[in-house]
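# Topology and contacts: notes
Listed below are the residues making up each chain.
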Amino acid sequence: MVHQHEESTANEVRTTSQPPYDPSQETFVYKVGYPPQKNLAREFADTFRETFFHDNPLRQYRDQSGSTKFMIGLQFLFPIFEWGRNYNLSKFKGDVIAGLTIASLCIPQDIGYSKLANLDPQYGLYSSFVPPLIYAAMGSSKDIAIGPVAVVSLLIGSLLQNEVDPVKNKEEYMRLAFTATFFAGITQAALGFLRLGFLIEFLSHAAIVGFMGGAAITIALQQLKYVLGIRSFTKKTDIISVMHSVWSSVHHGWNWQTIVIGISFLAFLLFAKYIGKKNKKFFWVPAIAPITSVILATLFVYITRADKQGVQIVNHIKKGINPSSVHKIYFSGPFVAKGFKIGVICGMIGLTEAVAIGRTFAALKDYQLDGNKEMVALGTMNIVGSMTSCYVATGSFSRSAVNFMAGCQTPVSNVIMSTVVLLTLLVITPLFKYTPNAILGAIIISAVISLVDYEAAILIWKVDKMDFIACMGAFFGVVFASVEIGLLIAVSISFAKILLQVTRPRTVLLGNLPGTTIYRNTNQYPEARHVPGVVIVRVDSAIYFSNSNYVRERILRWLTDEEDKTNAEGPSKINFLIIEMSPVIDIDTSGIHTLEDLYKNLQKRDIQLILANPGSIVMQKLHSSKFTEHIGSNNIFLTVSEAVRFCSRKSMQEP
């Protein structure tokens, strides 16, 4: 924004080949205009429309017949009616290949992720059957793959077990999980319908990078109990408790057969990921590696009967499609509030991840993604999911990346994946009986490693140190405390950064670039010259109650510093203070009061206050408060150069 304000207009720039600039020369001067007056209703309507309907979603309904409007509305809620009209066999082939590929990846992941959520394995598969079907009809992303994800599974598992013991009170735990999923869906759908999607933007990119990285480390550490074959393991997620639990079991709790299976297949999975990353043509290698590992590990355990030697196995996955769970959702009682709190947190995190993934792949394929529409789709699928024995589902980055590289064309790839999961639930689940838990742990570790984005963290350090603090705060909060603490730190630091920027806006001193009428930051352009007798300050923010006192004090400090320099150099005096107000997009009554105080202070010091290029909203408020009468409309100029010309002319006229 500041850069835009610093761009000069064509009529301002003078080349060095022209005669030297004479500030006293007479030219026609435009006066700062006053915007047309708006009544309260019109002003409120304009603000409301710009806040919630900035993308003007109703423009497509203009001048349309009733039937056309109905069809457009139907396509808005169910995009399948829009892209389905142009669907053909060629697209179907691409979707089938992509759907089968992500299905081979999602089935073993779902079984593992359900363990993260402290739920039975079938609930992970349930969550990859119903939600993807709902999303395929209502979602607008062509590439996102829907299902349980590691971070949300860990989050919901850790939050739920703080309220209910998943072993002693299994039924209550499961009901609370469905209740949380229901409220997660309500939260997501409400944000979309009310067009409040901007709320998820308060979690900065840096905070998300740190939170995801910390969650990935936590998830990987949790899998050590499966990879090492430890039966008695801590329920805490912080690294100190986990490592204490690991090392205290080293002599009597580790199982060497389990370790061999876990480490061997983890190495195989990481090697498969390396091949896929090295050569994009082999994207299918890391995609089929998990299901291949499950098949091989299951056969190995079945043939060798390693389960008799202490290797823990899945044992039983309930066969059949999702049973109804409407009657299991808490709509009254003490668990409603707990379910609501957990649901809101998980829903917001799921939204943040899904929308970020959707926008990433939409940019790669050059199409627009409506964030609010996505929220409605995600919310609806989780509401329906909570009634069909699913827990919170969202967009998976690893599966979406595979979906994209496999050549998906439409959300039908989710339907194909869902169909494969259905067949698995109906036919194949008994075959997972001898699947070792170690292979599921290895699959999860290999899946979450990519969430530790150290390259992004290094870039954040180079670009913005405050962002890096937010990133590391979230990371260490998750790793050394808990997922909830890490999330709280991430949100707190993100808000703290906003408050810091609002309460301590940047103010800079401007000087004249030689041979031009352009005025720029003297720190950025050391060659910029100070104008004798004039101090020019630019405020790079709106002036509100939260920063008005700081702005006044900072401007006076600039003025005092320049007066000290002037007194040290000679007998000359500062006579004018020019405030460049181009970046000041708004001002409130506290800000106007601050300008009035500044004006009175300057009068006592015999210094004239001059404003340069206040915007329309600012000008309107200054006029309504009669500040323009106090300062004098002849002391408000369109550009800094005109203000300096006026000051130079006035200085020459004084004796």
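Let me sum up the structure you'll find in this document. Computed from a predicted structure; not experimentally measured. Within every chain, residues take consecutive numbers counted from 1 along the sequence as written. Selection of residues for local features in this predicted model requires a pLDDT of at least 70, selection of side-chain atom pairs for listing and counting requires 80 or more, and totals for whole chains, interfaces and linings are taken over all residues. Think of the side-chain values as coming from all heavy atoms in the structure, minus any hydrogens and water.

### A closer look at empty space enclosed by the protein
Rolled over the atoms, a probe sized like a water molecule indicates the empty space that remains. A pocket, in this scheme, is an open set of points on a 1 Å grid over the protein atoms alone with protein on both sides within 12 Å along at least 5 of 7 lines, while a cavity is a set where a 1.4 Å probe fits but cannot get out; residues line either one if an atom lies within 4 Å of a point. Grid points are joined across faces, edges and corners, and a volume is the space filled by probe spheres set on the points. For the structure shown, the criterion picks out three cavities of 30 Å³ or more. Space inside the largest cavity adds up to approximately 130 Å³. A per-element tally of the lining of the largest cavity places helix H17 (residues 397-405) first, with three residues. Following the grouping adopted for this structure description, the nonpolar residues are Ala, Val, Leu, Ile, Met, Phe, Trp, Tyr, Cys and Pro, the charged ones are Asp, Glu, Lys and Arg, and the polar ones are all others, Gly among them. By residue class, the composition of the lining of the largest cavity is nine nonpolar, three polar and two charged. Each helix is a run of H or I in the DSSP string that is no shorter than four residues. Each strand is a run of E no shorter than two, and both are numbered from the N terminus.

### Side note on the pairing of strand E3 (residues 507-512)
Exposure classes here rest on a 1.4 Å probe applied to the protein chains alone. A residue is buried below 20% of its type maximum, exposed above 50%, and partly exposed in between. Among the six residues of E3, six are classified as buried, and the element is accordingly described as predominantly covered. The alternating pattern of E3 places Thr-507, Leu-509 and Gly-511 and Val-508, Leu-510 and Asn-512 on opposite faces, both of which are buried. Relative to strand E5 (residues 534-539), E3 runs antiparallel, the two sharing three bridges. By the bridge assignment, Val-508 is partnered in E5 with Arg-538. Two strands make a pair as long as DSSP finds a minimum of two bridges between them. Bridge count for E3 against strand E4 (residues 519-521) is three bridges, and the pairing is antiparallel. Bridge pairing links Asn-512 to Tyr-519 in E4.

### Here's the deal with the layout of surface pockets
The space that makes up the largest pocket amounts to roughly 1700 Å³. Forming the boundary of the largest pocket are 45 residues, of which Phe-397, Ser-398, Ser-450, Leu-451 and Asp-453 lie nearest the centre. If you list the elements that add at least two residues to the lining of the largest pocket, you get helix H5 (89-116), helix H10 (205-222), helix H13 (256-278), helix H14 (284-304), helix H15 (335-365), H17, helix H19 (437-448) and helix H20 (454-463). Within the lining of the largest pocket, the residues separate by chemical class into 29 nonpolar, eight polar and eight charged.

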